[in-house]
Amino acid sequence: ENQVAIRGEDRYVPRLEPLPKDAIPSPSDEHLPRQLDITERGLFENLFWRKVAGRSPGKGQVKINVAAAGLNFRDVLNALGTYAGGPVPFGGECAGTLVETGETVDDLKPGDRVLAIASHSFSSEAIADSRLVWRIPDGMKF
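Residues numbered from 1 in each chain as written. Predicted model: local features only at pLDDT ≥ 70, side-chain atom pairs only at ≥ 80, totals over all residues. Heavy atoms only, no water.

Visitor: I'd like a description of the nonpolar core, backed by residues and values.
Guide: Among the nonpolar cores identified, the biggest contains 13 residues, and V62, I64, C94, L108, A128 and V133 are the most heavily contacted of them. Elements that contribute at least two residues to this core include exactly strand 5 (61-69), strand 6 (93-101), strand 7 (113-117) and strand 8 (125-129). Discounting residues that sit within four places of it in the chain, L108 has contacts with V62, L98, T101, V114, S130, V133 and R135. I38, A79, F90 and F122 belong to the second largest nonpolar core, which has five residues in total. (Core = buried A, V, L, I, M, F, W, Y, C linked by side-chain atoms within 4.5 Å. Buried < 20%, exposed > 50% of the residue type's maximum accessible area, 1.4 Å probe, protein only. Helix = DSSP H or I, 4+ residues; strand = E, 2+ residues; numbered from the N terminus. Contact = heavy atoms within 4.5 Å.)

Structure representation (structure tokens):
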């Protein structure tokens, strides 16, 4: 192997294998809301779900219960501490169910299945600018 990670007495090499659904707890398995965070950049093992205070959307914003979030190379570099732009929140887009709208939002409503560009979208909930939120077509999965 040309890539080996030693953690204590354990030796790890890269392997891609499917995990059972219950192998990694998700925010929906615990008390909400939660947000992906890291204790110290440099190792993926430092990632954890942090409890966060619930937020309400402001003017022109919506609140989404996140069902899926996009993993970008920026998130990987960010976790490893090698992103040139410095530390940034994890997640930049998501899909889920809209649960609350702020003032001036009349084209979206609670219950809509949506996709959005939203900072901190590796969370159980995300707040997004309503101009960056679109309905998911019927029949399309998250």
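After that view, the rundown keeps rolling.
Visitor: Which residues make up the sheet that holds strand 6, and what are the values?
Guide: The strand order 8-5-6-7-9 describes an open sheet built from five strands, whose pairing is antiparallel. Both edges of this open sheet fall to strand 8 and strand 9 (133-135), since each of them pairs with a single strand only. Sheet twist, expressed as the average angle between the axes of neighbouring strands with direction ignored, equals 45 degrees. Taken together, the five bridges between strand 6 and strand 7 define a ladder with antiparallel strand orientation. Pairing of T97 across the sheet is with R113, part of strand 7. (Pairing = 2+ DSSP bridges. Axes fitted to C-alpha atoms, helices over the stretch in contact; angles between N-to-C directions.)

Visitor: Can you tell me about unusual backbone geometry, naming the residues and giving the values?
Guide: The phi dihedral of T104 is positive, around 70 degrees, even though this residue is not glycine. Tracing the sequence through the fold places T104 in the loop between strand 6 and strand 7. Phi is positive for H120, which is not a glycine, with a value near 60 degrees. Counting through the fold element by element, H120 comes out in the loop between strand 7 and strand 8. According to the relative accessible area criterion, H120 is partly exposed, its value standing at 31%.

Visitor: So, the packing of aromatic side chains: which residues are in play, and what are the values?
Guide: The final tally for this structure, using the stated rule, is zero aromatic pairs. Taking NZ or CZ as reference, R113 lies 4.9 Å from the ring centre of F142, over its face. (Phe/Tyr/Trp six-rings, centres within 6.5 Å; stacked < 30°, edge-to-face > 60°. Lys NZ or Arg CZ within 6 Å of the ring centre and 35° of its normal.)

Visitor: Give me the pattern of salt bridges: which residues, what numbers.
Guide: The full count for this structure, using the stated rule, is six salt bridges. The salt bridge partner of R7 is E45, with a shortest N-O separation of 3.4 Å. Of the two residues, R7 sits in strand 1 (residues 5-7) while E45 sits in the loop between strand 3 (34-38) and strand 4 (47-51), which places them 38 residues apart along the sequence. Here R131 and D129 are joined by a salt bridge, their closest N and O atoms 2.6 Å apart. By relative accessible area, R131 is classed as exposed at 67%. With relative accessibility at 24%, the residue D129 sits in the partly exposed group. One connected set of salt bridges, linked through shared partners, spans K109, D112 and R135. (Salt bridge = Lys/Arg side-chain N within 4 Å of Asp/Glu carboxyl O.)

Visitor: Let's hear about helix 1 (residues 73-80): which residues, and what values?
Guide: Taken as a whole, helix 1 has its buried residues at D75, N78 and A79. All buried residues of helix 1 fall inside an arc of 95 degrees around its axis, so they share one side. Its buried side turned inward, helix 1 meets strand 3. One or two positions beyond helix 1, positive phi appears at G81, with a value near 80 degrees. (Arc of directions from axis to C-beta.)

By themselves, these are just geometric observations and shouldn't be taken as functional.
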